[in-house]
Amino acid sequence: MSGHHQHEGAGRTTSPYAARIRAIEALLLEKGVLTEPEVQDNISYMEARSPANGAKLVARAWLDEGFEELLLSDAKSAALQLDIDPEHPAEFVVVKNTPEVHNLIVCTLCSCYPRAILGRPPDWYKSFNYRSRAVREPRAVMREFGFEPPDGVEVLVHDSTADVRYMVLPMRPSGTEGMGEEELAELVTRDSLVGVNVPRL
Amino acid sequence: MTFEPGERVRVLPSEKPGHVRTPGYIKGKAGWIESLIGEFPNPEELAYGLSGLPERPLYKVGFLQADLWDDYEGSDEDYLYADVYEHWLEPGEGGKT
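Residues numbered from 1 in each chain as written. Chains lettered and ligands numbered in written order. Predicted model: local features only at pLDDT ≥ 70, side-chain atom pairs only at ≥ 80, totals over all residues.

J.: Got a minute to help me understand the environment of Leu 53 of chain B in this structure?
T.: All names here are of chain B. Residue placement: Leu 53 occurs in the loop between helix 1 (43–46) and strand 3 (56–64). Taking the C-beta count within 10 Å as the criterion, Leu 53 has 10 such neighbours and is therefore assigned exposed. Sequence separation between Leu 53 and Pro 41 is 12 residues; the distance between their C-alpha atoms is 5.4 Å. (Helix = DSSP H or I, 4+ residues; strand = E, 2+ residues; numbered from the N terminus. Buried ≥ 20, exposed ≤ 12 C-beta atoms within 10 Å, placed from the backbone.)

The following block contains the structure:
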């Protein structure tokens, strides 16, 4: 690659994959399998989702025990309560970090991710590097993200191999007593929802 | 065949080609049934435009990391859950844990 087209997005528009996708899209439109509005609706659907949805769910759970219970037992209903549309064929399950267990999410086979809630996964989540190492050396991976589980904490990796999409409910950081829901939500990063890191003050 | 939570199982070491949802690193490995997740159309057939019916039971299966990797770095207590379809499982040794 030449030096001066390395900005965000550059290179992708000209990659063979992008060209192939555009060709497939054009064919699907031409043959009437898809319509332009359907393609646009799907783009809007995906862009309306973001890690901010996950942060809202987590902040509410930190403040409301009843909501936490619902989030852990029926995450789609919990999402609906906050006006987040969780509609997706896959199940959506939230797993809770505790002082004893730290959870980490990966999809070794492809890039399964709770897209209906969090939107598109980050590129690293889809990388072969993350997918292979998260199951084999999760602690080393977390260290590279700047997090080391304290001694005595078990690491539990969830490989989303089939019909369930997972999100982590991280622990509320100490020193956040008295914070409101929005302020708390700002602490909840996408990385902490995947489990490679934790929310910090 | 149905499995109960706590039952020991082994993942079949099958080399079935094509679209499967059982990652290679758990094939042939021993673990335990954590829970029954539900029943879903078989993705191995859905991938080829078939109905995937009848639906197949999908289990959350637990594995000790030390049983998956000879050189695992970390606590002996670290573990992993993978979601595995029933037709990839056989009874393991030791019965219920």
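J.: Any chance you could explain the interface of chain B and chain A here in plain terms?
T.: Accessible area lost upon the coming together of the parts serves often as the stated size of an interface. At the junction of the two partners, chain B supplies 21 residues and chain A supplies 19 residues. Ranked by residues supplied to the side of chain B that touches chain A, first place goes to strand 4 (residues 79–85) of chain B with 7 residues. Across the side of chain B that touches chain A, the residue classes break down as 13 nonpolar, 3 polar and 5 charged. Bridge count between strand 3 (residues 154–159) of chain A and strand 4 of chain B: 4 bridges; the pairing is parallel. Bridging across to strand 4 of chain B, Leu 156 of chain A finds its partner in Tyr 79 of chain B. (Contact = placed C-beta atoms within 7 Å. Nonpolar A, V, L, I, M, F, W, Y, C, P; charged D, E, K, R; others polar. Pairing = 2+ DSSP bridges.)

J.: Where do I start with the packing of helix 3 (residues 51–63) of chain A against helix 4 (residues 65–73) of chain A in this structure?
T.: Two packed helices can be described by the angle between their axes and the distance between those axes. Residue and element names in this part refer to chain A. Interaxial distance between helix 3 and helix 4 falls to 5 Å at its minimum, and their mutual angle equals 130°. Classified by the angle between their axes, helix 3 and helix 4 sit oblique to one another. Every pair of crossing elements has a handedness; the one defined by helix 3 and helix 4 is left-handed. Each of Leu 57, Arg 60 and Ala 61 in helix 3 lies in contact with helix 4, whose residues at this interface are Phe 67, Glu 68 and Leu 71. Here the contact of helix 3 with helix 4 is composed, by residue class, of 4 nonpolar, no polar and 2 charged. (Axes fitted to C-alpha atoms, helices over the stretch in contact; angles between N-to-C directions. Parallel < 35°, antiparallel > 145°, perpendicular 65-115°, else oblique. Left-handed = near helix turned anticlockwise from the far one by under 90°.)

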